[in-house]
Amino acid sequence: MKLRTILTIAAAALVSVSLSAHVKPGVEVLRDGGFKSLQGKRVGLITNPTGVDNNLKSTVDILHEAPGVKLTALFAPEHGVRGDVHAGDHVDNMTDPATGVPVYSIYGKTRRPTAEMLKDVDVLVYDIQDIGCRSYTFISTMGEAMDVCAELGKEFMVLDRPNPLGDKIEGNLTEPDCISFVSQFPIPYLYGMTPGELAQYLNEEGILKGGKKVKLTVVPMDGYKRNMSFRETGMPWVLPSPHIPSPEIAEYYPVSGILGELGYMSIGVGYTEPFKLFCAQWVDAEKLAQRLNALNLPGLMFRPIHVKPFYSVGQGENLQGVEVYITNKDIAPLSLTQFYVMQELADMYPDKATFKTGNANPKRFSMFDKVSGSKQIRQRFSKNHKVADIIDYWNKDAADFAARSEKYHIYKK
């Protein structure tokens, strides 16, 4: 096939993606407005590969080419600006080879821009696709950057994107002794807001560390409704991290991610179904599936599965367990699912109970507590391994947060 033909097909595919999109992300709305709010300003940008328009053009390149806009600095969160850094690995300072703009790491020695990094920046722009879960680090990066901008008198702008979990709110607020980069703010585990809405909430509710407000601009999406699934937006999905290859997998991240911190059993990371599985060598797949289905958990179904992961927990071993199916995200108790699995396994195999000595590694309890947002969840659950012992505590803040955060909603259903 000739090169010209290949390029023509590729161009046609991009046009097809763009034409199918019902929703314009914030970066397109900004561009449609002639970059008015950035004219004559020195601009810094926090982004990663998810910061693209509906033709998959990077926000880095869009701002670099924007007339009247001077892109002076890029800031790399986890995975890096161009997505070339593995999860959890430190990101190094460098120069972006495509634009020649300096790239400063904010996922290495520092998790926030420094005054020196921002010396040539008037407004710091944030454009990252998130997944709506508190323990995902990009919102922590956003909040740290907002805090620094408030201290230094810099403007902050969010180019908004969808929340794949929509309005879903679950989990207790993070408690003071569990504040960390994986639970940076006193918000629920699933917080039901877009990045722009969350930025407004953090700013107006006085949650930023320094207690000051930043001069905040949110560029909203065009055509978005908060009850849309990501697929309904028609926007292209760019994986925000290696194990979130689709917006559907973003829905499964809270189903197993907390348990995954213990290294107790495989949750599908290292296999073809990340975050959708609960498997171990010692599990009877059919019996576990029967027990979980007998609970009649709303919006959920389970089927037995046998796997051999490529790496991570259970690498190269024959494991068995269950695959989770979300049949109705809106009514499913997503984040409690992993606790129901732990409950049934503890009843089936008392000697394998999650927090029984010799099973889960106590060295990993701290991270489990941080992503849970409270030590109370582990302490209460570990007594009897029963969901009944934690469900009220887990749900205690959701209704109040939903009511308090509603005034920051930008989009209607």
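In what follows, the structure referred to is the one given above.
Everything numeric here is computed off the predicted structure, so don't read it as measured data.

Caption draft 1: Focus on the overall build of the protein chain. Looking only at helices and strands, the protein chain has 13 helices and twelve strands in total. Relative to the globule expectation of 22 Å for 413 residues, the C-alpha radius of gyration of the protein chain, 22 Å, shows essentially globular dimensions. C-alpha extents for the protein chain along the principal axes are approximately 65 × 60 × 40 Å. The buried share of the protein chain, reckoned over its 413 residues, is 57%. For the protein chain, restricting intrachain contacts to residue pairs at least 6 apart in sequence, the fraction spanning at least 24 positions comes to 73%. Total accessible area on the protein chain is roughly 17100 Å²; 51% of this is exposed by carbon and sulfur atoms. For the protein chain, the separation between the mean place of its 46 positive charges and that of its 47 negative charges on side chains is 2 Å.

Caption draft 2: Representation of the side chain of Ser135. By the element assignment, Ser135 lies in the loop between strand E5 (123-127) and helix H4 (138-152). Here Ser135 is in contact with Val182, Tyr189, Tyr253 and Val371, once residues within four sequence places are set aside.

Caption draft 3: View of the environment of Gly132. Positionally, Gly132 belongs in the loop between E5 and H4. When its relative accessible area of 2% is taken as the criterion, Gly132 is described as buried. In the structure, Gly132 is positioned 276 residues away from Tyr408 in sequence and 16 Å away in space, judged by C-alpha atoms. Excluding residues within four positions of it along the chain, Gly132 makes contact with Asn163, Leu165, Tyr189, Leu190 and Tyr191.

Caption draft 4: Broad picture of the packing of aromatic side chains. If you walk through the whole model with that rule in mind, you get 19 aromatic pairs. Note on Phe339 and Phe368: the rings are 6.3 Å apart at their centroids and 75 degrees apart in plane angle, and the pair reads as edge-to-face. Here Phe339 is found in helix H9 (residues 337-348), whereas its partner Phe368 is found in helix H10 (residues 365-372), with 29 residues between them in sequence. Phe339 gets classed as buried once you look at its relative accessible area, which sits at 0%. Plain terms: the ring middles of Phe355 and Phe368 are 5.3 Å apart, the flat faces sit at 80 degrees to each other, and that makes the pair edge-to-face. With a gap of 13 residues between them, Phe355 in the loop between H9 and H10 and Phe368 in helix H10 connect regions that are remote in the sequence. Taking the relative accessible area as the measure of exposure, Phe368 reaches 0% and is therefore buried. An aromatic cluster is present here, built from Tyr189, Phe339, Phe355, Phe365, Phe368, Phe381 and Trp394 joined pairwise through their rings.

Caption draft 5: Region of interest: unusual backbone geometry. Here the phi dihedral of Phe35 falls at roughly 55 degrees; this positive angle occurs in a residue that is not glycine. Position of Phe35 among the secondary structure elements: in the loop between helix H2 (26-32) and strand E1 (42-47). On the accessibility criterion, Phe35 (6% relative accessible area) is buried. Notably, Asn296 is not glycine yet its phi reads approximately 55 degrees, a positive angle. When its relative accessible area of 64% is taken as the criterion, Asn296 is described as exposed.

Caption draft 6: Inspection of the pairing of strand E10 (residues 277-280) at higher detail. The alternating pattern of E10 places Leu277 and Cys279 on one face and Phe278 and Ala280 on the opposite face, and all of these are buried. Both E10 and strand E12 (residues 319-326) contribute to a ladder of four bridges, which runs antiparallel. Bridging across to E12, Phe278 finds its partner in Val322.

Caption draft 7: Examining the nonpolar core more closely. One finds Met142, Phe156, Leu198, Tyr201, Ile244, Phe278 and Phe339 to be the most contacted residues of the largest nonpolar core, which totals 96 residues. Grouped together as the second largest cluster of nonpolar side chains are 22 residues, Phe35, Val43, Val125 and Leu159 included.

Caption draft 8: Seen up close, helix H13 (residues 398-405). Here H13 has its buried residues at Ala398, Phe401 and Ser405. Looking straight down H13, one finds its buried side chains confined to an arc of 65 degrees; they lie on one side. Seen from the open side of H13, the exposed residues pointing more than 90 degrees away from its buried face are Ala399 and Ala403. Buried residues belonging to H13 abut strand E7 (169-170), strand E8 (190-191), helix H5 (195-204) and helix H12 (391-395).

Caption draft 9: Structural detail: the packing of helix H8 (residues 285-294) against H9. The interhelical angle for the contact between H8 and H9, taken along N-to-C directions, is 125 degrees, at an axis separation of 10 Å. Relative to H9, the element H8 lies oblique. In the crossing of H8 with H9, the sense of the turn from one axis to the other is right-handed. Of the residues in H9, those touching H8 at Lys287, Leu288, Arg291 and Leu292 are Tyr340, Val341, Glu344, Leu345, Asp347 and Met348.

Caption draft 10: Representation of the sheet that holds E12 in the model. Sheet architecture is open: three strands sit in the order E10-E12-E11, paired in antiparallel fashion. Two strands close off the open sheet at either side, each with one partner strand: E10 and strand E11 (300-307). Direction aside, the axes of adjacent strands within the sheet are offset by 20 degrees on average. Against the sheet, helix H7 (residues 247-260) engages E10 and E12, with an angle of about 140 degrees to E12. Each of E11 and E12 is contacted by H8, which is oriented at about 175 degrees to E11, the strand it contacts most.

What counts, and at which threshold
Residues numbered from 1 in each chain as written. Predicted model: local features only at pLDDT ≥ 70, side-chain atom pairs only at ≥ 80, totals over all residues. Heavy atoms only, no water. Helix = DSSP H or I, 4+ residues; strand = E, 2+ residues; numbered from the N terminus. Rg over C-alpha atoms; globule rule 2.2 N^0.38 Å. Buried < 20%, exposed > 50% of the residue type's maximum accessible area, 1.4 Å probe, protein only. Contact = heavy atoms within 4.5 Å. Areas by Shrake-Rupley, 256 points an atom, 1.4 Å probe, with all protein chains shown as cover. Lys, Arg positive; Asp, Glu negative; His and termini not counted. Charge placed at Lys NZ, Arg CZ, Asp CG, Glu CD. Phe/Tyr/Trp six-rings, centres within 6.5 Å; stacked < 30°, edge-to-face > 60°. Pairing = 2+ DSSP bridges. Core = buried A, V, L, I, M, F, W, Y, C linked by side-chain atoms within 4.5 Å. Arc of directions from axis to C-beta. Axes fitted to C-alpha atoms, helices over the stretch in contact; angles between N-to-C directions. Parallel < 35°, antiparallel > 145°, perpendicular 65-115°, else oblique. Left-handed = near helix turned anticlockwise from the far one by under 90°.

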